Amino acid sequence: SQGDLSYINRAEEWGLADLGFSSGAAYADFNNDGGMDLVVNNTNGLATIYKNLIYLDNLDSLDKNNYIKIQLIGEDLNTHGIGSKVLIYTNEKTFFQELMATRGFQSAVEPVLNFGLGNAKMIDSLRVIWSTGEHQLLFNIKANQRIRLYQRNATDSYQYETKMKTNKVFQDVSELSHIDYKHQENTFIEYNREPFIPHFLSMEGPAFDVADINNDGLVDVYLGGGKHQPGAIYLQNDRGEFKIVVDSVFIRNSHGEDVDAAFFNANNDEFSDLYVAKGGNEFFAKMEPLKDCLYFGVGKGKFVKSQSALPDIYANSACVKPVDIENDGDMDLFIGTRSVPREYGVIPKSFILINDGAGHYTDQTTTYAAALSETGMVTDALWLDLNKDSLKDLVVVGEWMPIRIFYNSADGLTEVTDQYGLQNTTGWWNTLVAGDLNNDGHSDLVVGNLGLNSFLKTSITQPVQLYIDDFSGNNKLEQILTYYNGSKAYPLASRDLMVENISFLQEKYPTYVDYAGEAIDDIFTKNQLQSATLRQVVEFASVVLINN
């Protein structure tokens, strides 16, 4: 630890870089010299004990590396005082540990707390808060010793200082709202159909949107359902309570998965209409559950489904974003598509649907933006006026694609991603929101990504990549995801997964030893990799984009 929440790998320098496979480790001061020694339990091998040499023939360590060891003697059955906390105050620093002996799989450390004190030879004060609440306070304790503290000497319960603000901004009113709707996700194991995909795409709901549906000045809500679960309309009353509207139209159309929803006025009447995007990756080809639904509002929270308002589009939808593209007073639609079911990694078609003014839509993607038809594996999108010309522009994000921006004009949508310097932002983007973050009058963007807390790491020079091809020759696509370790890229898939689904690899790698350490260009030939479709990611961090 560098003392600033950052760390340096010292394994090589400290003699801990031995190769091996271990399933457990623990530490303790075996020789009572104040230094923590380490024992590692190696699989199918002898246990390894590492002696801490910090104090061996090193007089400077006695000045720079002081310590104190605390042994807690608890009451009743908790004789080690497990769960108790110890705080040490010295040299304007605070040290804290909680006694928990467990350290991973079948491993436990000595139930003694060892504090490294640096150059402090005297502890100003030490506080113990026992697991049952009692506490005790000691002063002026010399370093470099082991002391025992007994719970029987503790006094009254410790009163924790609250640092939470009492002026709450939000209050949980879930029970008061009387919304008893619970989304029910059906069980569908996508790996049985596409074993190489990096994650599920069938659980990306539930859909949700709000609007004043019955024109009473109160915000109502639509909650989308999973497969075979009807969505539901809840109307709000002036007490903040919501009452469900029983409407068979949602029951009749519950065979698909609701992944997104949007209220808007499609047919320019007095009632809000509802578009429900269907998807989930379970259905494929021209299955009926892949068709989105447009419901026209008829008053009192009731809706009727239009059978002819939408073109026949069968897609695993990701999002629906209403907008008046032409500023003609009619609400048009962008439909972002998530994936091609059964063909992960293949770019699906997204759509621009233009409204004729009466709520009837036609697919005019080619007319307005041909590039949008294959913009990527879309997860989210947003309409906003980026260039102050009174026309809403389109920002689209998704998986294996950059953050893409399209300016809206009389000639249609024109991509300007490069102008914003976003051409090298391919990521696993999943959400997008806008706001004026710096109060300069321009809309800024917050874009959610996979994040950095993942074992997959990526960069422009060493990207996470996806090779897509029928490697097995069985007329099914395999998606081989690779990541860099050092200067070589390795497949994420295990040997078992590879040989089970790509038969020629069984002969090439009959054992795990044969497969271990094989890079992607060892497993497949140059021609095989070059003939595959290649996708890559260079950014996993979520970002804030400031519009200047």
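The shown structure was predicted, so the numbers you read here are calculated from the model rather than taken from an experiment.

Cut-off values and rules
- Residues numbered from 1 in each chain as written.
- Predicted model: local features only at pLDDT ≥ 70, side-chain atom pairs only at ≥ 80, totals over all residues.
- Heavy atoms only, no water.
- Helix = DSSP H or I, 4+ residues; strand = E, 2+ residues; numbered from the N terminus.
- Rg over C-alpha atoms; globule rule 2.2 N^0.38 Å.
- Buried < 20%, exposed > 50% of the residue type's maximum accessible area, 1.4 Å probe, protein only.
- Contact = heavy atoms within 4.5 Å.
- Areas by Shrake-Rupley, 256 points an atom, 1.4 Å probe, with all protein chains shown as cover.
- Lys, Arg positive; Asp, Glu negative; His and termini not counted.
- Charge placed at Lys NZ, Arg CZ, Asp CG, Glu CD.
- Polar contact = N/O pair within 3.5 Å; in protein donor to acceptor, adjacent residues only side chain to side chain.
- Pairing = 2+ DSSP bridges.
- Axes fitted to C-alpha atoms, helices over the stretch in contact; angles between N-to-C directions.
- Salt bridge = Lys/Arg side-chain N within 4 Å of Asp/Glu carboxyl O.
- Domains from an automatic or database assignment.
- UniProt positions renumbered as here; feature names shortened; annotations may be inferred.
- Patch = residues over 30% accessible without salt bridge, like charges linked within 9 Å, V, L, I, M, F, W, Y side chains within 5 Å.
- Core = buried A, V, L, I, M, F, W, Y, C linked by side-chain atoms within 4.5 Å.
- Phe/Tyr/Trp six-rings, centres within 6.5 Å; stacked < 30°, edge-to-face > 60°.

1. Details of the overall build of the protein chain
So, point 1. Along the backbone of the protein chain there are nine helices and 34 strands.
So, point 2. Taking 2.2 N^0.38 as the reference for a compact globule, 548 residues should give roughly 24 Å; the C-alpha atoms of the protein chain span a radius of gyration of 31 Å, well beyond that estimate.
So, point 3. With the C-alpha coordinates aligned to their principal axes, the bounding extent of the protein chain is approximately 85 × 70 × 45 Å.
So, point 4. The proportion of buried residues among the 548 residues of the protein chain is 45%.
So, point 5. For the protein chain, the proportion of contacts with a sequence separation of at least 24, taken over those separated by at least 6, is 52%.
So, point 6. On the protein chain, roughly 29600 Å² of surface is accessible, and the fraction owed to carbon and sulfur atoms is 51%.
So, point 7. If you average the places of the 42 positive and of the 74 negative side-chain charges in the protein chain, the two averages end up 7 Å apart.

2. A look at the side chain of Gln 71
So, point 1. As for its position among the elements, Gln 71 is in strand β4 (residues 66-73).
So, point 2. Judged by its relative accessible area of 15%, Gln 71 is buried.
So, point 3. Here the side chain of Gln 71 touches Arg 148 through a polar contact of 3.2 Å, side chain to side chain.

3. Observations regarding the sheet that holds strand β6 (residues 93-98)
So, point 1. In space, the four strands of this open sheet follow the order β6-β5-β8-β9, with antiparallel pairing throughout. Looking at which strands have only one partner, the edges of the open sheet turn out to be β6 and β9 (135-142). Between one strand and the next, the sheet's axes are offset by a mean angle of 20 degrees, whatever the strand orientation.
So, point 2. Across six bridges, the pairing between strand β5 (residues 85-90) and β6 is antiparallel. When the sheet's bridge partners are listed, Val 86 is paired in β6 with Gln 97.

4. Some points on the pattern of salt bridges
So, point 1. Tallying each qualifying case throughout the model produces 13 salt bridges.
So, point 2. Across the pair Asp 380 and Lys 321 runs a salt bridge, and its minimum N-O distance is 3.4 Å. You can see Asp 380 sitting in strand β23 (residues 377-384) and its partner Lys 321 sitting in strand β19 (residues 316-323), a full 59 residues away along the chain.
So, point 3. The exposure class of Lys 321 is partly exposed, given its relative accessible area of 21%.
So, point 4. Notably, a salt bridge pairs Arg 495 with Asp 496, separated by 3.3 Å at the nearest N-O pair.
So, point 5. Via salt bridges that share partners, Glu 204, Arg 338 and Glu 399 belong to a single interconnected network.

5. Focus: the pairing of β23
So, point 1. Burial within β23 is extensive, with eight of its eight residues counted as buried.
So, point 2. Here β23 runs beside strand β24 (residues 393-401); their pairing, made up of seven bridges, is antiparallel. Its bridge partner lying in β24, Met 377 is registered against Glu 399.

6. Quick look at the domain arrangement of the protein chain
So, point 1. Looking at the protein chain, the domain boundaries give domain 1 (12-157), domain 2 (190-384) and domain 3 (464-537).
So, point 2. A C-alpha centroid distance of 57 Å is found between domain 1 and domain 2.

7. Digging into the UniProt feature "domain: ASPIC/UnbV" (unreviewed entry) in the protein chain
So, point 1. Here, UniProt's "domain: ASPIC/UnbV" (unreviewed entry) annotation points to residues 81-147.
So, point 2. Counting secondary structure, residues 81-147 comes out at 0% helix and 55% strand; the distance between its end C-alpha atoms is 14 Å.

8. Remarks on a nonpolar patch on the surface
So, point 1. Where nonpolar side chains cluster on the molecular surface, the patch consists of Val 433, Leu 437, Val 446, Val 544 and Ile 546 and spans about 400 Å² of accessible area.
So, point 2. Inspection of the secondary structure assignment puts Ile 546 in the segment after β34 (543-545).
So, point 3. Residue classification places Ile 546 among the partly exposed residues on the basis of a relative accessible area of 42%.

9. Focus: unusual backbone geometry
So, point 1. Phi angles above zero are rare outside glycine, and Asn 215 is one such case at about 60 degrees.
So, point 2. Looking at the element boundaries, Asn 215 is found in the loop between β11 (208-211) and β12 (220-223).
So, point 3. Even without being a glycine, Trp 400 presents a positive backbone phi close to 60 degrees.
So, point 4. Relative to the assigned elements, Trp 400 resides in strand β24.
So, point 5. What makes Trp 400 buried here is its relative accessible area of 6%.

10. As for the nonpolar core
So, point 1. Within the largest apolar cluster, 20 residues are counted, with the highest numbers of intra-cluster contacts made by Ile 68, Ile 70, Val 86, Ile 88, Phe 115, Leu 117 and Leu 126.
So, point 2. Those elements that provide at least two residues to this core are β4, β5, β7 (112-118), β8 (122-129) and β10 (146-150).
So, point 3. Look past the residues within four positions of Ile 88 in its chain and what remains in contact with it is Ile 68, Lys 93, Thr 94, Phe 95, Phe 115, Leu 117, Ile 123, Ser 125 and Leu 126.
So, point 4. With 18 residues, the next largest nonpolar core counts Val 259, Leu 310, Ile 313 and Ile 335 among its residues.

11. A look at the sheet that holds β4
So, point 1. Read across the sheet, three strands follow the order β7-β4-β10 without closing on themselves; strand pairing throughout is mixed. Either end of the sheet is taken by a strand with one partner, and the two such strands are β7 and β10. For this sheet the average axis-to-axis angle between neighbouring strands, irrespective of direction, equals 25 degrees.
So, point 2. With six bridges connecting them, β4 and β7 associate as antiparallel partners. In the strand pairing of β7, Ile 70 is matched with Leu 113.

12. Here's the deal with the packing of aromatic side chains
So, point 1. Here the structure, examined in full by the defined rule, presents 12 aromatic pairs.
So, point 2. When the ring of Tyr 158 is compared with that of Tyr 160, the centres are 5.0 Å apart and the planes differ by 90 degrees; the resulting orientation is edge-to-face.
So, point 3. Residue classification places Tyr 160 among the exposed positions, given a relative accessible area of 52%.
So, point 4. With centroids separated by 5.4 Å and ring planes inclined at 65 degrees, the aromatic side chains of Trp 428 and Phe 540 adopt a geometry described as edge-to-face.

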